[in-house]
Each structure stands twice: as structure tokens, then as C-alpha cells.
Amino acid sequence: MNRKRISRIGKYVLVTMLLTAVPASGWAQRMIKVSGTVYNIADKKKKVPFSGSVVYVYSCKTVAAAKDLKNSLDKDNTNFALFMNEDERAETDANGYYEILVPDNGALVFKAGLNKAILEKVSNRMKIDVEVDDGIYLKEVVVTGELKQIQPEPKASRLIGNRFYPYNTFLVPHGEGNKYSRLIVQPYVLNCTTNDTVAFLKPLVYDGKEYHLTQTRRMGYDLKRDALEPYIQSRPLVNERMVIEWQDTVTVPDPNVNYSCYADFCIEDYNNVTF
């Protein structure tokens with residue numbers, strides 16, 4: 001009798017364990033469809049649907065998972081969200097409206113632009129509206145910078161053996177030159193170690209169309225006696241923005257030393273030096 005009782009008790013215990021184990025492994029969360037609108041409350045007088053950009057909505061099975069996702073998004077780390085399934089992500093439409101499936105005891109995470117992510121516990125709610133202070137959008141403004149002074153572009157010249165090949169682009173801004181003036185560009189090469197001048201290169205001279213005529217009228221100007229006459233470029237100096245491409249070659253004494261090329265700029269008219 002004792003053996004039969006033990007056997008029956010053993011069977012009873014076994015059956016009980018099986019019955020209690022099935023529900024434990026078979027628990028399932030009830031999925032519900034949650035919808036709502038994301039509002040922008042930047043204007044304190046009224047709230048409007050968030051339409052400035054897309055708001056991303058993430059479905060999380062647990063509140064703990066939602067907190068981890070929120071922390072990740074707040075640190076601008078989107079790797080966590082990238083691995084979520086498509087049915088766990090949604091986006092708001094042009095009216096700030098969204099729909100997404102989520103467990104009834106889960107949570108939603110909303111991410112709007114650079115704002116901190118917002119966590120909402122579902123708690124069996126089927127409609128969840130969210131408010132975001134995203135500021136008031138202004139109309140797009142295009143800002144264009146204007147160069148005020150002559151400025152060479154930084155470029156790396158070449159050194160092959162003892163032959164130095166400097167080149168550059170000189171930008172002359174609008175308003176610096178005119179038809180009555182002369183622009184003189186005098187490049188020169190420096191030894192980077194000693195800072196000594198190694199050589200003066202050929203100057204560039206740009207004369208306005210009326211420069212010589214004005215000089216002749218005012219001072220009896222003779223172009224043949226002008227030391228810069230051989231370097232006058234065919235392109236005239238004008239009032240508009242000018243882009244001057246330049247290159248030259250010079251023999252340097254020591255090919256094992258670094259060299260740099262600089263330039264002095266001068267704009268003058270028949271009366272004085274204006275730049």
C-alpha cells in the first residue's frame with residue numbers, strides 16, 4: 001500500500017508540474033493598435049499637429065526596454081532602434097498622426113528631431129497623444145558671405161629637385177578695383193626655416209581701362225618709362241569681382257628645405273594707394 005501511495009503521489013506531483021509549466025511558458029502579451037497625434041506646443045497659445053518633420057514612434061514590449069531605447073536615442077545613438085522590426089516602428093504623417101501595434105502593458109517611445117525622446121506607458125490605452133515643444137519654424141533664409149579683401153586661396157606648391165613651382169588663385173572682391181586704378185601683385189618666396197626672402201617672382205599688373213589716360217592728363221604719364229610696363233596683363237582691372245589664376249617657377253638654393261610663397265597686394269590710382 002505504501003508503494004502504491006508513493007507511486008500515486010509521484011504521478012500527482014508530475015502532473016501538477018506539467019500543468020503549472022505550460023501556462024508559464026505560454027504567457028503571451030495582448031497586442032493592441034494604438035493611435036494618436038503628436039502636437040507641437042511651441043506656441044503657448046495653441047497646439048498644432050507636429051508637421052515640421054517626421055516623428056518616429058517605437059513600440060516596446062516592456063517599459064524597461066522602452067527606457068533603454070529612450071536613453072540610447074537621447075545620446076544620439078540610433079543603433080538600438082535600427083535593429084527593431086518594421087512592425088515595431090512607425091512615423092507620423094503630415095498631420096502628426098500615427099498608428100502602431102504595441103503590447104497592452106508595453107510602452108511607446110517618441111523621437112522628434114533633436115528633442116529628447118518621450119516615453120509613454122501604454123497601460124491598455126488605445127489612444128495616446130503626445131506634446132512636443134519643437135520651437136517655431138522660421139522661413140528659410142539664405143545667407144551669402146561676401147569677400148571684403150583680396151584673399152589668396154591656401155594651396156600647396158610643389159618642389160621637384162631645386163625647382164619650386166608655386167601657384168595660387170587670387171580673389172579680388174567687388175568694389176576693390178575700378179577703371180581708374182592699378183592692381184599690383186608681387187609674389188615672393190620665403191625659406192621656412194630662416195624666414196629669409198629667397199626670390200621675388202614676376203609681378204602681376206592689372207590696369208583699369210582709364211588708368212593710363214588719366215595719368216597722361218594729370219601728370220604727363222609716359223608708359224615707356226614705367227618699370228612695371230612689361231608685366232601689365234591684357235585683362236583690365238574692373239569694379240566687379242575678379243578671380244586671378246597665377247603660377248610661376250623659381251630655382252631655390254637648397255632642395256632639402258621647405259619654402260613658402262607669399263604675395264603683397266597694392267591698388268593705387270593717380271592720387272594715392274587705396275589698398
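Anything mentioned here points back to the structure above.
Residues numbered from 1 in each chain as written. Predicted model: local features only at pLDDT ≥ 70, side-chain atom pairs only at ≥ 80, totals over all residues. Heavy atoms only, no water.

A.B. asks: Even after reading the chapter, I still don't get the packing of aromatic side chains, so can you show me in this structure?
C.D. replies: Geometry of an aromatic ring pair is reported as the spacing of the ring centres plus the angle between the planes. Using the criterion set out here, one finds six aromatic pairs in the structure. Both rings, one in Phe 164 and one in Tyr 259, keep their centres 6.1 Å apart while their planes meet at 45°; by these two values the pair is tilted. Pair noted here: Phe 164 is in strand S11 (residues 163–165) and Tyr 259 is in strand S18 (residues 259–268), with a separation of 95 residues, a long-range link. Of the residues examined, Phe 164 reaches a relative accessible area of 2% and is grouped as buried. Stacked on the ring of Tyr 165, the Lys or Arg Arg 158 has its end atom at 5.2 Å from the ring centre. (Phe/Tyr/Trp six-rings, centres within 6.5 Å; stacked < 30°, edge-to-face > 60°. Helix = DSSP H or I, 4+ residues; strand = E, 2+ residues; numbered from the N terminus. Buried < 20%, exposed > 50% of the residue type's maximum accessible area, 1.4 Å probe, protein only. Lys NZ or Arg CZ within 6 Å of the ring centre and 35° of its normal.)

A.B. asks: Hey, could you run me through the layout of surface pockets in this one?
C.D. replies: Unoccupied space between atoms shows up once a probe the size of one water molecule is rolled over them. A volume near 280 Å³ is recorded for the largest pocket. Together, 18 residues line the largest pocket, and Pro 152, Glu 153, Asn 168, Cys 261 and Tyr 262 are the ones closest to its centre. Among the elements of the structure, strand S12 (167–172) and S18 are those that each provide at least two residues to the lining of the largest pocket. Ranked by the residues each element gives to the lining of the largest pocket, the list is headed by S18, at six residues. By residue class, the composition of the lining of the largest pocket is 13 nonpolar, three polar and two charged. (1 Å grid on protein atoms, 1.4 Å probe; cavity = no way out; pocket = protein on both sides within 12 Å on 5 of 7 lines; lining within 4 Å. Points joined across faces, edges and corners; volume = space filled by probe spheres on them. Nonpolar A, V, L, I, M, F, W, Y, C, P; charged D, E, K, R; others polar.)

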